[in-house]
Amino acid sequence: MNTKNKTGKFRIIFRFLKGNIRFFVGTLLFSVLFTACNALIPQIVKYTADHILVLDGIPDGLNVRQTLLLSALLVAASAVLSGVFNYLSKMCLAKGSENFLKSIRDTLYHHTQYLPFSWHVKHQTGEIIQRCTSDVEVIRNFVCRQLPEVFRICFLIVLYLGIMFSMNVQITLAAAAFFPVIIGYSCYFYSRIGKRFQDADEAEGALSSTVQENLTGVRVVRAFGREKYEIDRFDEKNNAYSNLWVYLGKLMSVYWASGDLITNLQVLVVMVTGVVFAVNGQITLGEFMAFISYNASLTWPVRSLGRIISDMSKAGVSMERVAYILEAEEEDAAVKCEAKSTDRNENAENIYLVACINGMRQLWLIRFLRGQQSKRVRIPKIKAVEKSRLWDISLE
């Protein structure tokens, strides 16, 4: 992939993020606060186990029961604040993502209305629909869910590892040693899955085009007795599409099974190392409990980071496919003005379309009777939607 394509993909993201930056900034801010509140809970448990339960850290004027109740209230308060910040983060993300998605859809719809008819002839309708629906949804998932999640996971890893290093360096290094393995393994599958997903995406577009053509021209298929041919044609494309996704499913099964093995091994190593250090008196019981809690909180986010990295291949392919439509040149200004002017007079437009249809039918009939091969019939320069209406009516 060249540098120009990469720049074009990022240009799409920044283009449609305009006006929604405040929502995504709010999402990141509340995600940081949500993570900080979650990191505070194991510290409260650690202090309770190391000081209150051994009766050497009870504040003056309080007994053990009151101190434990205070610790429980602090844990509950942290959990409540964590829930509030999580809600605010999700709310900002929902507003930003829906505005981002609406902006892409509106732009694609307006842009395709003024693309030349020759462009629509060269591209199958099902493929265009698939790019404007499935690919747009993949882009939305990447920009509005995966990117904020990557930021939150990176902040979580830095914060939790910093706290763990402050308690014990050896156990932290034992836990962190598995992170490069998980991320590197995910990057390996990132390169493997990318090409396969592109093939599956193109196969889906071809299948959608076949279905659309058969539904639109069902009368023609019946008239010429082509049912068997169209069924075989559909089965061929459907089997190719299914086989590609079966192979992708096998790759993902290997990826997730191997990920489970590595992450469970990480938990086992941290637990065994923590038990040995606690028995030897190198860490306290509260520190051991905190290590288990932080390690458990890191396990799934690191795996999610690997999954997001593997899914970036899908987003890259979808961005290229959508950018291909947006970068197509529209008709010139004169044709646009002509197309807009036809909308002002509905009766004149209908008369014009009927005249074109009658003329095209007569021309096709003459060529059919003469036994000539079909030649391209020139359709006047009008709006793409009107040309589609003209084509659909002419097939009836």
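Per chain, residues are indexed from 1 in the order of the written sequence. Only residues with pLDDT of at least 70 get local features here, since the model is predicted, and only at 80 or more are side-chain atom pairs given and counted; chain-wide, interface and lining totals rely on the full set of residues. Calculation of side-chain values draws on the structure's entire complement of heavy atoms; hydrogens and water are dropped beforehand.

**Concerning the side chain of D50**
Examined against the element boundaries, D50 turns out to sit in helix α2 (residues 21-52). With a 1.4 Å probe rolled over the protein chains alone, any residue whose accessible area is under 20% of its type maximum counts as buried; one over 50% counts as exposed, and the rest are partly exposed. When charges are tallied, Lys and Arg are placed among the positive residues and Asp and Glu among the negative ones, while His and the ends of the chain are skipped. Basic side-chain nitrogens of Lys or Arg form a salt bridge, by our definition, when they fall within 4 Å of a carboxyl oxygen of Asp or Glu. One buried charge, D50, has no salt-bridge partner; the nearest side chain with opposite charge is K46, at 4.3 Å. Here a polar contact means two N or O atoms within 3.5 Å. Within protein one must be a hydrogen donor candidate and the other an acceptor candidate, and residues neighboring in sequence count only if both atoms are side-chain atoms. Of the polar contacts made by the side chain of D50, one reaches the side chain of T284; its length is 2.7 Å. For D50, the side chain forms a polar contact with the main-chain nitrogen of G286, separated by 2.7 Å. Secondary structure elements are taken from DSSP: a helix is a run of H or I of four residues or more, a strand is a run of E of two residues or more, and numbering for both begins at the N terminus.

**Focus: empty space enclosed by the protein**
We place a 1 Å grid over just the protein atoms. Points where a 1.4 Å probe fits but has no way out form a cavity, open points with protein on both sides within 12 Å along at least 5 of 7 lines form a pocket, and any residue with an atom within 4 Å of a point lines it. Grid points are joined across faces, edges and corners, and a volume is the space filled by probe spheres set on the points. Inspection of the entire model under this criterion finds one cavity of 30 Å³ or more. What the largest cavity holds in volume is close to 70 Å³. Around the largest cavity, the lining residues are I182, Y185, S186, Y255, W256, G259, I262, R303 and G306. The set of elements that each furnish at least two residues to the lining of the largest cavity consists of α7 (178-216), α9 (227-279) and α10 (285-326). When residues of the lining of the largest cavity are assigned to their parent elements, the largest contribution, four residues, is made by α9. Across the lining of the largest cavity, the residue classes break down as five nonpolar, three polar and one charged. Each residue is assigned to one of three groups, with Ala, Val, Leu, Ile, Met, Phe, Trp, Tyr, Cys and Pro labelled nonpolar, Asp, Glu, Lys and Arg labelled charged, and all others, Gly among them, labelled polar.

**Focus: the pattern of salt bridges**
Working definition: two side chains of opposite charge can pair if their charged atoms are close together. Enumeration over the complete set of coordinates arrives at seven salt bridges. Measuring nitrogen to oxygen at the nearest pair gives 2.7 Å for the salt bridge that ties K228 to D232. Of this pair, K228 and D232 both sit in helix α9, four residues apart, roughly one helical turn. Take D232: its relative accessible area is 36%, and that puts it in the partly exposed class. Close ionic contact of E230 with R233 constitutes a salt bridge, the shortest N to O distance being 3.0 Å. In this pair, E230 and R233 both sit in helix α9, three residues apart, roughly one turn of the helix. Within this structure, E98, E137 and R140 form a network of salt bridges that share partners.

**Some remarks on the side chain of T263**
Considering the arrangement of structural elements, one finds T263 in helix α9. Polar contacts involving the side chain of T263 include one to the main-chain carbonyl oxygen of D260, which spans 3.1 Å. Residue contacts are counted whenever heavy atoms from the two residues lie within 4.5 Å of one another. Once residues within four sequence positions are removed from consideration, T263 is found in contact with I182, T299 and R303.

**Some details on the environment of Q282**
In this structure, Q282 sits in the loop between α9 and α10. Accessibility expressed as a relative area gives 47% for Q282, which makes it partly exposed. Leave out the neighbours within four places in its chain, and Q282 touches N168 and F277.

**Quick look at a nonpolar patch on the surface**
Taken together, the side chains of L265, L268, V272 and V276 present a nonpolar region at the surface, about 340 Å² in accessible area. Inspection of the secondary structure puts L268 in helix α9. Patch definition: residues with relative accessible area over 30% and no salt bridge; like charges joined within 9 Å; nonpolar side chains (Val, Leu, Ile, Met, Phe, Trp, Tyr) joined within 5 Å. Areas reported here follow the Shrake-Rupley algorithm with a probe of radius 1.4 Å; residue values treat only the protein chains shown as occluding.

**Examining the packing of aromatic side chains**
What describes a pair of aromatic rings is the distance from one ring centre to the other and the angle between the planes of the rings. Two aromatic rings from Phe, Tyr or Trp, using only the six-membered ring of Trp, form a pair when their centres are within 6.5 Å; if the ring planes differ by under 30 degrees the pair is stacked, by over 60 it is edge-to-face, and anything between is tilted. If you walk through the whole model with that rule in mind, you get three aromatic pairs. Summarising the aromatic geometry, the rings of F30 and F85 are spaced 6.4 Å apart at their centres and angled 20° between planes, so their arrangement reads as stacked. Highlighted residues: F30 in helix α2 and F85 in helix α3 (residues 64-113), separated in sequence by 55 residues. As far as the burial class goes, F30 and F85 line up, both buried.

**Points about the nonpolar core**
Residues I157, L161, M164, Y294 and L298 are the most contacted members of the largest nonpolar core, which totals 29 residues. When neighbours within four sequence positions are excluded, Y294 is seen to be in contact with A39, P42, Q43, Y160, I163, M164 and M167. If you look at the next biggest cluster of nonpolar residues, it comprises 25 residues, including L17, L101, C144 and A328. Residues belong to a common nonpolar core when they are buried Ala, Val, Leu, Ile, Met, Phe, Trp, Tyr or Cys residues joined through side-chain atoms within 4.5 Å.

**Focus: helix α5 (residues 125-167)**
Here, expected helix span is obtained from the residue count minus one, scaled by 1.5 Å. Compared with the 63 Å implied by 1.5 Å per residue over 43 residues, the 61 Å span of α5 between its first and last C-alpha is a close match. We define the bend at any residue as the angle between the axes fitted to the seven residues before and including it, ending there, and the seven starting there. Within α5, the axis deviates most sharply at Q146, by approximately 35°, and proline P148 lies no more than four positions further along.

**A look at the packing of α2 against α5**
Relative to each other, α2 and α5 sit at 30°, their axes nearing to 10 Å. Considering their axes alone, α2 and α5 lie roughly parallel with respect to each other. Considering only the axes of α2 and α5, their crossing is right-handed. Mapping the contact onto sequence places F24, T27, L28, S31, V32, F34, T35, A36, N38, A39, Q43 and K46 in α2 and V143, C144, P148, F151, R152, F155, L156, L159, Y160, I163 and M167 in α5. When the residues that make up the contact of α2 with α5 are grouped by side-chain class, the tally is 16 nonpolar, five polar and two charged. Lines are fitted to the C-alpha atoms to define the axes, a helix being fitted only along its stretch in contact, and any angle between axes, read from their N-to-C directions, falls within 0 to 180 degrees. Reported orientations rely on four angle classes, namely roughly parallel under 35 degrees, roughly antiparallel over 145, roughly perpendicular from 65 to 115, and oblique for the rest. Crossing handedness is defined as follows: a turn of the near helix away from the far one that is anticlockwise and smaller than a right angle gives a left-handed crossing, while the clockwise case is right-handed.

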